[in-house]
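Each chain, letter by letter, is given below.
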Amino acid sequence: MRTLLIIGIGVGDPEQMTVQAIAALNRADVVFMPDKGQEKAALRHLREAICARFIEGPYRSVTIETPQRAEAGDDYRGVVDDWHGRIADAYQRRFAEDLAEGETGALLVWGDPALYDSTLRIVERIRQGGFALDWTVIPGISSVQALAARHKIALNAIGEPVLITTGRKLAAGFPDGQGSVVVMLDGEQAFAKIAPEGLEIYWGAYLGSPDELLIAGRLSEVADEIVRVRAAARARHGWIMDIYLLRRG
Ligand SMILES: C[S@@+](CC[C@H](N)C(=O)[O-])C[C@H]1O[C@@H](n2cnc3c(N)ncnc32)[C@H](O)[C@@H]1O
C-alpha cells in the first residue's frame, strides 16, 4: 500500500508549521508539491523554506502540475467537478510513477487542508477510482486563524456563530441573520460593493509573510483605502491573497 501524509503548512510563515507537521515531513520518502494558480509564487517560496529548514536528511521532491480551472460561467459545480477530475488524474499519475508500493509521500497543502482546498476531495476521488492509497491529514494554521491572530480579535461575538464564505457569495449582500462573516477567495472586492452601514472590516493580505498588510475600521471609512492598497500590492507582487472578517459593529 502507498501512504500519503496530507500536511497543512500554514499560510506564509514557516514558523506556523506544527511539531506534528514537521515530524510527518521527516517520515516521508517523497515530498509532492502541488503547484497551482493564485498560490503559485507564495507556495513555491514557502515550501522551499519549509523543506530546507525542517527536513533533516536528504529527500526527493516531485512537483505536481495542477491543471487550471476553466471559466465557471453558469455551471459552477460542473466546471469544478471536471477540474477535480483532471487534477485527480495528474495526482494519480505522479503517485503511480514516483511513489513505490510501501513508500510514504507527503503532500504540502497551503493553510489547513479542510478549508477551501480540494486536496481531500481529490484524494478520495482517486481512491474511489480503485487506486489503493492510505492517507492521514495533519492540520495546519489556516488564513482564518492567521487573520484573527494578527488583528488580535475573536472571530465570534459571545455565544454567536461565524460564517465562512467566499467573495462570490458575499457579492449577493451581507447575509441575513449573520453577525460575523469571514470572506475568502474574493478577487472582486465584494466588500466594496455591499451596503457598508453598521459593518466593521478586519482585512489582511499576505498574512504571515514579510509583505503582510493589515487594515481595520468601519467599512464605510476604509473600503476605498483597502481597494487602493490591494490594487497597488497586487500590481507590485503580481498576485495577492487576502481575507477579511466583516461584522456588525
Ligand atoms: C484556496 S483558499 C486556501 C485556504 C487555505 N487552505 C487556508 O487554510 O487558509 C485561498 C484563499 O485563502 C486565503 N488566504 C490563504 N493564504 C492567505 C494569506 N497568507 N493571507 C491572506 N489570505 C490568505 C485567501 O482568501 C485566498 O483567496
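All chains use their own residue numbering, which begins from 1 and follows the written sequence. Residue-level local features of this predicted model are given only where pLDDT is at least 70; pairs of side-chain atoms are given and counted only at 80 or more, and the full residue set underlies all totals for whole chains, interfaces and linings. Excluding hydrogens and water, the side-chain values take into account all heavy atoms of the structure.

**Let's talk about the nonpolar core**
The nonpolar side chains of soluble globular proteins are, as a tendency, buried together.
Here comes step 1: Residue types Ala, Val, Leu, Ile, Met, Phe, Trp, Tyr and Cys, when buried and joined through side-chain atoms within 4.5 Å, form a set referred to as a nonpolar core. Per-residue accessibility, obtained with a 1.4 Å probe over protein chains only, is compared with the maximum for each type, and a residue is labelled buried under 20%, exposed over 50%, and partly exposed between these values. Core analysis: the biggest nonpolar cluster contains 57 residues, and I7, L25, I201 and Y244 have the highest contact counts within it.
Here comes step 2: Secondary structure elements are taken from DSSP: a helix is a run of H or I of four residues or more, a strand is a run of E of two residues or more, and numbering for both begins at the N terminus. In terms of residue count, helix α2 (residues 40-54) provides more of this core than any other element does, six residues in total.
Here comes step 3: An automatic or database domain assignment provides the domain bounds reported here. When residues of this core are sorted by domain, at least three fall in each of domain 1 (2-141) and domain 2 (144-248).
Here comes step 4: For this analysis, residues touch if any pair of their heavy atoms sits within 4.5 Å. Residues within four places of I7 in sequence aside, it is in contact with A21, A24, L25, A106, L107, L108, V109, P113 and I138.

**Comments concerning the sheet that holds strand β9 (residues 213-218)**
Here comes step 1: Spatially, β6-β7-β10-β8-β9 is the arrangement adopted by the five strands of the open sheet, whose pairing is mixed. Looking at which strands have only one partner, the edges of the open sheet turn out to be β6 (163-166) and β9. Geometrically, the sheet is characterised by an average inter-axis angle of 15 degrees between neighbouring strands, direction not taken into account.
Here comes step 2: Strand pairing requires that DSSP identify at least two bridges connecting the strands. In terms of strand pairing, strand β8 (residues 199-205) meets β9 through six bridges, oriented antiparallel. If you follow A205 over to β9, its bridge partner there is L213.
Here comes step 3: All axes are obtained by fitting lines to C-alpha atoms, using only the stretch in contact for helices, and the reported angles, taken between N-to-C directions, cover 0 to 180 degrees. Lying on the sheet, helix α7 (residues 219-237) is in contact with β8, β9 and β10 (242-248); it crosses β9 at an angle near 160 degrees.

**Brief notes about the domain arrangement of the protein**
Here comes step 1: What the domain assignment reports for the protein is domain 1 (2-141) and domain 2 (144-248).
Here comes step 2: Each of domain 1 and domain 2 has a C-alpha centre, and the two are 27 Å apart.
Here comes step 3: Contacts between domain 1 and domain 2 engage 16 residues on the former and 15 residues on the latter.
Here comes step 4: When two components associate, each loses some accessible surface as probed by a 1.4 Å sphere; the sum of these losses over both components is called the buried area. With both chains or domains summed, domain 1 and domain 2 bury close to 1200 Å², and 65% of this area falls on carbon and sulfur atoms.
Here comes step 5: Salt bridge, as used here, is a side-chain nitrogen of Lys or Arg placed within 4 Å of a carboxyl oxygen of Asp or Glu. For the interface between domain 1 and domain 2, the tally reads zero salt bridges.
Here comes step 6: Side-chain atoms alone can form a polar contact between residues adjacent in sequence; in general such a contact is a pair of N or O atoms within 3.5 Å, and within protein one must be able to donate a hydrogen while the other accepts it. Inspection of the domain 1/domain 2 interface yields zero residue pairs in polar contact (both at pLDDT 80 or more).
Here comes step 7: We call Asp, Glu, Lys and Arg charged. Ala, Val, Leu, Ile, Met, Phe, Trp, Tyr, Cys and Pro are nonpolar, and the rest, Gly among them, are polar. Of the residues assigned to the side of domain 1 that touches domain 2, the class counts are nine nonpolar, five polar and two charged.

**A look at the environment of A192**
Here comes step 1: Looking at the secondary structure, you find A192 in the loop between β7 (180-184) and β8.
Here comes step 2: In sequence terms A192 and V31 are 161 residues apart; their C-alpha atoms lie 40 Å from each other.

**A closer look at the pattern of salt bridges**
Here comes step 1: Applying the stated criterion to the full structure yields twelve salt bridges.
Here comes step 2: The residue E97 makes a salt bridge to R94 at a minimum N-O spacing of 2.6 Å. Of this pair, E97 and R94 both sit in helix α3 (residues 76-98), three residues apart, which is roughly one turn of that helix.
Here comes step 3: According to the relative accessible area criterion, R94 is partly exposed, its value standing at 22%.
Here comes step 4: With a closest N to O distance of 2.7 Å, D98 and R94 form a salt bridge. With D98 and R94 both in helix α3, this residue pair falls four residues apart, about one helical turn.
Here comes step 5: Linked by salt bridges that have partners in common, R94, E97 and D98 make up one network.

**So, the site of the ligand**
Here comes step 1: If a single non-hydrogen atom of a residue is within 4 Å of a molecule or strand, that residue counts as near it. Of all residues adjacent to the ligand, which total 18 residues, the nearest are V11, W110, D112, S143 and D242.
Here comes step 2: A distance of 2.8 Å is found between a nitrogen atom of the ligand and a backbone nitrogen or oxygen belonging to V11.
Here comes step 3: A distance of 2.8 Å is found between an oxygen atom of the ligand and a backbone nitrogen or oxygen belonging to D112.
Here comes step 4: Protein contact buries 96% of the 570 Å² of open area that the ligand shows by itself. Only the protein chains shown count as cover for residues, and all accessible areas are computed by the Shrake-Rupley method using a 1.4 Å probe.

**Examining the side chain of T119**
Here comes step 1: Within the fold, T119 resides in helix α4 (residues 119-128).
Here comes step 2: Among the polar contacts made by the side chain of T119, one reaches the side chain of D117 at a distance of 2.4 Å.
Here comes step 3: The residues contacting T119, other than those within four sequence positions of it, are I6, L107 and V109.

**Considerations on α4**
Here comes step 1: Every buried residue of α4 is listed here: T119, I122, V123 and I126. The buried side chains of α4 occupy one side of the element, clustering within an arc of 100 degrees when seen end-on. Facing away from the buried side of α4, by more than 90 degrees, are the exposed residues R121 and Q128.
Here comes step 2: Looking at the buried positions of α4, the neighbouring elements they touch are β1 (2-8), α3, β4 (104-109) and β5 (133-138).
Here comes step 3: Looking one or two residues past α4, G130 carries a phi angle of roughly 105 degrees, positive in sign. Note that the arc is defined by the directions from the helix axis to the C-beta atoms.

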